[in-house]
Amino acid sequence: QKNPVRPEKGVYVIGVPSRRLGEEVAAYIQLKDGATLSMDDLKAHCKLNLARFKVPKYVKFVHFFPQTVTGKIKKFELRKWALDDFPELNQELED
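Q: Which residues make up the nonpolar core, and what values do they have?
A: In summary, soluble globular proteins display a tendency toward joint burial of nonpolar side chains. Ile14, Val16, Ala26, Tyr28, Tyr58, Val62, Phe65, Ile73, Leu78, Ala82, Phe86 and Leu89 form the largest nonpolar core, which has 12 residues in total. Those elements that place two or more of their residues in this core are β1 (8–18), β2 (22–31), β3 (58–62) and α2 (75–85). Other than its neighbours up to four places away in sequence, Phe86 contacts Ala26, Tyr28, Tyr58, Val59 and Lys60. Listed in part, the five residues of the second largest apolar core include Leu42, Cys46, Val55 and Val59.

In structure tokens:
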């Protein structure tokens, strides 16, 4: 069942390192002011509406996205954030 009112203001998805698969999916989500979304609801929605390999393994709710002066999202910054936000990724980079 699709929710007619979407709680997110923005979502950016990046590839992060994985020894087993090469890359896994990480999602950064900015919610609209006053909106709520539980991790369980998010995972259920993704599993229902996305192919399994597209469901994010890592998810973080943020208040803002890093942007250039022209307003584009700095995805390379999100990749740097991912290493801090998801410490288990550092193990994927070792070896």
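Q: Could you give an account of the packing of aromatic side chains, with specific residues and numbers?
A: Considering all chains together, one arrives at five aromatic pairs under this definition. Here Tyr28 and Trp81 contribute two aromatic rings whose centre-to-centre distance is 5.9 Å and whose plane-to-plane angle is 70°, an arrangement assigned as edge-to-face. In this pair, Tyr28 sits in strand β2 while Trp81 sits in helix α2, placing the two residues 53 residues apart along the sequence. Ring centres of Tyr58 and Phe86 lie 5.1 Å apart, and the angle between their planes is 40°; this geometry places the pair in the tilted category. In this pair, Tyr58 is assigned in strand β3 and Phe86 in the loop between α2 and α3 (88–93), connecting sequence segments 28 residues apart. The buried category is assigned to Tyr58, whose relative accessible area is 5%.

Q: Describe the environment of Lys47, with residues and values.
A: One can find Lys47 in helix α1 (residues 39–49). By relative accessible area, Lys47 is classed as exposed at 61%. Distance from Lys47 to Phe61, taken between C-alpha atoms, is 18 Å for residues 14 residues apart in sequence.

Calculation notes
Each chain carries its own residue numbering, running from 1 in the direction its sequence is written. In view of the model being predicted, local features appear only for residues whose pLDDT reaches at least 70, and side-chain atom pairs are presented and counted only at 80 or more, with totals across whole chains, interfaces and linings using the full set of residues. Note: side-chain values were computed over all heavy atoms of the structure, leaving out hydrogens and water. What is meant by a nonpolar core is a set of buried Ala, Val, Leu, Ile, Met, Phe, Trp, Tyr and Cys residues, joined one to another through side-chain atoms within 4.5 Å. Think of it in three bands: residues with accessible area under 20% of the maximum for their type are buried, residues over 50% are exposed, and the middle band is partly exposed, with areas taken using a 1.4 Å probe on protein chains only. Labels follow the DSSP assignment, with helices taken as runs of H or I lasting at least four residues and strands as runs of E lasting at least two, numbered in each case from the N terminus. Working rule for contacts: check all heavy atoms of both residues, and any pair within 4.5 Å makes them a contact. Pairing of aromatic rings covers Phe, Tyr and the six-membered ring of Trp, with a centre-to-centre limit of 6.5 Å; geometry is then stacked below 30 degrees between planes, edge-to-face above 60, and tilted otherwise.

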